[in-house]
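# Geometric and topological summary
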Amino acid sequence: MDFEAIRQLVRTIPSIPTISTRRCTGGNTPNADPRALHTWAARGYSQLGADGILHKLFHDIGTTNKYYVEFGTQSGVECNTRRLREVCGWSGLLMDGGYANASINLHKAFITRENIASLFRKHGVPRTFDLLSVDIDGNDYHVLREVLRQGYAPRVVMVETNFRVRTADAIIAYDPYYKGVFSVGNGCYGSASVAAFRAMMGARYTHVASHKPDAYWVRNDVDQPIYEVPDISDEYCELALSTTARGRHKPLHQVRSLSQSRGARRLNRTKSVLVRV
């Protein structure tokens, strides 16, 4: 999620508690509810509290190989798996379109639906592993769907959603060259609604937590508690994108969107901001 979108989101939520970056212990969340994972949000190295949620979730369901895959990490300084690696004894693969760092197994790769499986094979990702974290500011839905279609089965999936739309058919139009530009369309052009992910993953995964902007899922064959999951979605984007400056409504597919093609910006007046599938 880009900096401006994060800054706007942080202003709308209460202060996030902290969690130790020296010991693999829980966060400073004394009033957390054992059956509501979002109340365990606490920040060590993550942007918006994923450290605390992941700590509680894996405390509940246990670990197997302590292997993670996270892409969209930027430099890896602030990401969802750094604490797991540095404090809790995990290891795994990091990928980002602009950064590489061999010391933390971070590889530079612009991730698309077409290359994700080959990247997993290249870096020796096991078919089953404990955690997949997806945050690529755009094609999150399409890439995650391809990962699962290729037979990879992470026990836990964490993915960035577009919580400003509600309907199950609100999914970004796929463009392999798209680079997330959340300022376009009032920050509405990206990923897919929580409902869209639920429709795509529901046969294999249980939705166990939502904490803006992310949703958390556990594979159905993993023994897990029943959690209370808040509804984080609203209709802001559907209203904002379907209303012109003059107050007239127009279909979402007629709203302009900004995308990237082979490194050069282009203004596409016909591509949909949210495509109905």
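Described in the following lines is the structure provided in the data block. What you are looking at is a predicted structure, and each value in this text was computed from that prediction instead of being measured.

## Focus on the state of the cysteines
One pass over the structure, following the stated rule, counts one disulfide. Across the disulfide from C24 sits C88; the S-S distance is 2.1 Å. Between C24 and C88 the sulfur-sulfur dihedral comes to about 105 degrees; the bridge is accordingly right-handed. Linking C24 in the loop between α1 (3-10) and α2 (50-61) with C88 in helix α3 (residues 82-88), this pair joins segments that are 64 residues apart in sequence. Owing to a relative accessible area of 10%, C88 belongs among the buried residues under this scheme.

## Considering unusual backbone geometry
Leave glycine aside and you will find that most residues have negative phi; peptide bonds, for their part, are mostly trans. A cis amide bond links K212 to the next residue, P213, at an omega of 5 degrees. In this fold, P213 is placed in the loop between β7 (205-211) and β8 (214-219). Phi angles above zero are rare outside glycine, and K66 is one such case at about 50 degrees. Following the sequence through the fold, K66 ends up in the loop between α2 and β1 (67-71). One non-glycine residue, N105, lies in positive phi territory at about 55 degrees.

## Structural notes on the packing of aromatic side chains
How two aromatic rings sit relative to each other is given by the distance of their centres and the angle of their planes. The final tally for this structure, using the stated rule, is four aromatic pairs. Both rings, one in F58 and one in W90, keep their centres 4.9 Å apart while their planes meet at 75 degrees; by these two values the pair is edge-to-face. Pair noted here: F58 is in helix α2 and W90 is in the loop between α3 and β2 (91-96), with a separation of 32 residues, a long-range link. Measuring from ring centre to ring centre gives 4.9 Å for F120 and Y152, while their planes differ by 80 degrees; the resulting arrangement is edge-to-face. One end of the pair, F120, is in helix α4 (residues 116-122); the other, Y152, is in the loop between α5 (140-149) and β5 (156-160), and 32 residues separate them in sequence.

## Details of the sheet that holds β2
Taken in spatial order, the seven strands make up an open sheet running β3-β2-β1-β4-β5-β8-β7, and their pairing is mixed. This sheet does not close on itself; its edge strands, each paired only once, are β3 (106-108) and β7. Across this sheet, the average inter-strand angle for adjacent strands is 15 degrees, counted without regard to direction. Relative to β3, β2 runs parallel, the two sharing three bridges. Opposite D96, over in β3, you have K108 as the bridge partner. Helix-sheet contacts for α5 involve β1, β4 (131-134), β5 and β7, and the interaxial angle to β5 is about 160 degrees.

## Regarding the pattern of salt bridges
This structure, assessed with the given rule, holds eight salt bridges. Of the charged contacts, one joins D60 and K56 as a salt bridge, the two residues approaching to 3.0 Å between their closest N and O atoms. Taken together, the positions of D60 and K56, both in helix α2 and four residues apart, correspond to about one turn of that helix. Notably, a salt bridge pairs R155 with D130, separated by 2.8 Å at the nearest N-O pair. Linking R155 in the loop between α5 and β5 with D130 in the loop between α4 and β4, this pair joins segments that are 25 residues apart in sequence. Residue R155 shares its accessibility class with D130, and that shared class is buried.

## Description of the environment of L84
Within the fold, L84 resides in helix α3. Taking the C-alpha atoms as reference points, L84 and L54, separated by 30 residues in sequence, lie 9.0 Å from one another. Beyond its immediate sequence surroundings of up to four residues, L84 is in contact with G89, W90 and L131.

Analysis parameters
Residues numbered from 1 in each chain as written. Predicted model: local features only at pLDDT ≥ 70, side-chain atom pairs only at ≥ 80, totals over all residues. Heavy atoms only, no water. Disulfide = S-S within 2.5 Å. Helix = DSSP H or I, 4+ residues; strand = E, 2+ residues; numbered from the N terminus. Buried < 20%, exposed > 50% of the residue type's maximum accessible area, 1.4 Å probe, protein only. Phe/Tyr/Trp six-rings, centres within 6.5 Å; stacked < 30°, edge-to-face > 60°. Pairing = 2+ DSSP bridges. Axes fitted to C-alpha atoms, helices over the stretch in contact; angles between N-to-C directions. Contact = heavy atoms within 4.5 Å. Salt bridge = Lys/Arg side-chain N within 4 Å of Asp/Glu carboxyl O.

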